[in-house]
Amino acid sequence: SVGRATSVGGVGGCAGGRRLYGVELAEGCAGEPENSKEVAAFALTLFDYTKRIHGLGDREREWLEYAGFLHDIGNHISYGKHHRHSYYLIKNGDLRGFDPDEIEVIALVARYHRRGTPRKSHEEYAGLSRPLRAAVRTLASMLRVAESLDRSHAQVISALEVHDREDDFVVQLRTSGDAELEIWATNRHLKPFEQIMRKPVTLEAAHPKSRTSTIAS
């Protein structure tokens, strides 16, 4: 089975102007491209494995890809509250090819990759339609998990799979090194994803040359 997602035509593929302007925005803010690509790939993998649960389509998948690729550009301003800076830069970054609501969704998903979760008391989030608010909640929950899976920015998680075991979902992680920090961080950020999945989520990690171990959430 596939443990690493590929693009449907966004940042990692070829979507003409959308891709060009997204890459230009990311490069202009001098982020960490390997981490950004890794996080976007993990987010898309989670999206693909759980599609029958969330029911979102290619349009929302592309939003998630861009949010993953751009989630850390706020570091260009300051690491402190960089999630909010990422929101501002995406909103005002001339991301052509998307309509205003799409840009708002991408910016909010990036904004919610850490710290607070979506709330109706947040003006920008509350201003979206109900379907778009639901998309933001779902995509942000995946991005929080994906970002945690490369918490050290060392790319020690090489692949992941998601399986429904009736009582829970298991996220099976293939590691290429010490993933203790990634596992700790991911367990801290699982709750919003569990709410979307409507079941507990358990992590299982294995080095290619070792047995699988279960890490409870």
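Being a predicted model, the structure only gives us computed values, none of them experimental.

K.L.:
How do you make sense of the overall build of the chain when you look at a structure like this?
P.N.:
Within the chain, the secondary structure is distributed over ten helices and four strands. Ordering the α and β elements of the chain from the N terminus gives α-α-α-α-α-α-α-α-β-β-α-α-β-β. Counting across all 217 residues of the chain, residues that qualify as buried make up 51%. By sequence separation, contacts in the chain at least 24 residues apart represent 67% of the contacts at least 6 residues apart.

K.L.:
Even after reading the chapter, I still don't get the packing of helix α6 (residues 100–111) against helix α8 (residues 130–148), so can you show me in this structure?
P.N.:
Angle between the axes and distance between the axes: these two values describe a pair of packed helices. Following both chains from N to C, one finds α6 and α8 inclined at 35°, their axes separated by 8 Å at the closest point. Relative to α8, the crossing made by α6 is right-handed. Note on element contacts: α8 touches α6 through Leu-132, Val-136, Leu-139, Ala-140 and Leu-143, opposite Asp-101, Val-105, Leu-108, Val-109 and Ala-110. Tallied by class, residues from the contact of α6 with α8 come to nine nonpolar, no polar and one charged.

K.L.:
What exactly am I supposed to notice about unusual backbone geometry here?
P.N.:
One non-glycine residue, His-153, lies in positive phi territory at about 60°. With respect to the element layout, His-153 can be found in the loop between α8 and β1 (157–164). Even without being a glycine, Arg-198 presents a positive backbone phi close to 65°. If you trace the backbone, Arg-198 turns up in the loop between α10 (191–197) and β3 (201–206).

K.L.:
What should I look at first to understand the pattern of salt bridges in this one?
P.N.:
Applying the stated rule across the entire model yields seven salt bridges. Here Glu-60 and Arg-59 are joined by a salt bridge, their closest N and O atoms 4.0 Å apart. For Arg-165, the salt bridge identified is with Asp-168, shortest N-O distance 2.9 Å. Several salt bridges share partner residues, and in doing so they unite Arg-52, Asp-164 and Lys-199 into one network.

K.L.:
How do you make sense of the pairing of strand β2 (residues 169–175) when you look at a structure like this?
P.N.:
Regular strands have side chains that alternate between both faces of the sheet. The element β2 is extensively covered by neighbouring structure, given that five of its seven residues are classed as buried. Hairpin connection of β1 to β2: four residues between the antiparallel strands, including Glu-166 at a positive phi of 70°. As paired strands, β2 and β3 are joined by six bridges and run parallel to one another. Residue pairing in the sheet places Val-171 in a bridge with Leu-203 of β3.

K.L.:
Can you help me understand the environment of Ile-90 in this one?
P.N.:
Summarising the element assignment, Ile-90 is placed in helix α5 (residues 82–91). Overall, the relative accessible area of 0% leaves Ile-90 in the buried class. C-alpha of Ile-90 to C-alpha of Ile-73: the two residues are 17 residues apart in sequence and 8.5 Å apart in space.

K.L.:
Would you mind going over α6 with me for this structure?
P.N.:
Each α-helix turn comprises 3.6 residues. Residues three or four places apart therefore point the same way. Counted at 1.5 Å a residue, the expected span for α6 with its twelve residues is 16 Å, and the 16 Å between its end C-alpha atoms agrees. Burial runs high along α6: ten of the twelve residues are buried. Taken residue by residue, α6 has Glu-102, Ile-103, Glu-104, Val-105, Ile-106, Ala-107, Leu-108, Val-109, Ala-110 and Arg-111 as its buried positions. Between a side-chain oxygen at the N-terminus of α6 and the backbone nitrogen of Asp-101 the separation is 3.1 Å; the capping residue is Asp-99.

What counts, and where the lines are drawn
- Residues numbered from 1 in each chain as written.
- Predicted model: local features only at pLDDT ≥ 70, side-chain atom pairs only at ≥ 80, totals over all residues.
- Heavy atoms only, no water.
- Helix = DSSP H or I, 4+ residues; strand = E, 2+ residues; numbered from the N terminus.
- Buried < 20%, exposed > 50% of the residue type's maximum accessible area, 1.4 Å probe, protein only.
- Contact = heavy atoms within 4.5 Å.
- Axes fitted to C-alpha atoms, helices over the stretch in contact; angles between N-to-C directions.
- Left-handed = near helix turned anticlockwise from the far one by under 90°.
- Nonpolar A, V, L, I, M, F, W, Y, C, P; charged D, E, K, R; others polar.
- Salt bridge = Lys/Arg side-chain N within 4 Å of Asp/Glu carboxyl O.
- Pairing = 2+ DSSP bridges.
- Expected span 1.5 Å × (residues − 1).
- Polar contact = N/O pair within 3.5 Å; in protein donor to acceptor, adjacent residues only side chain to side chain.

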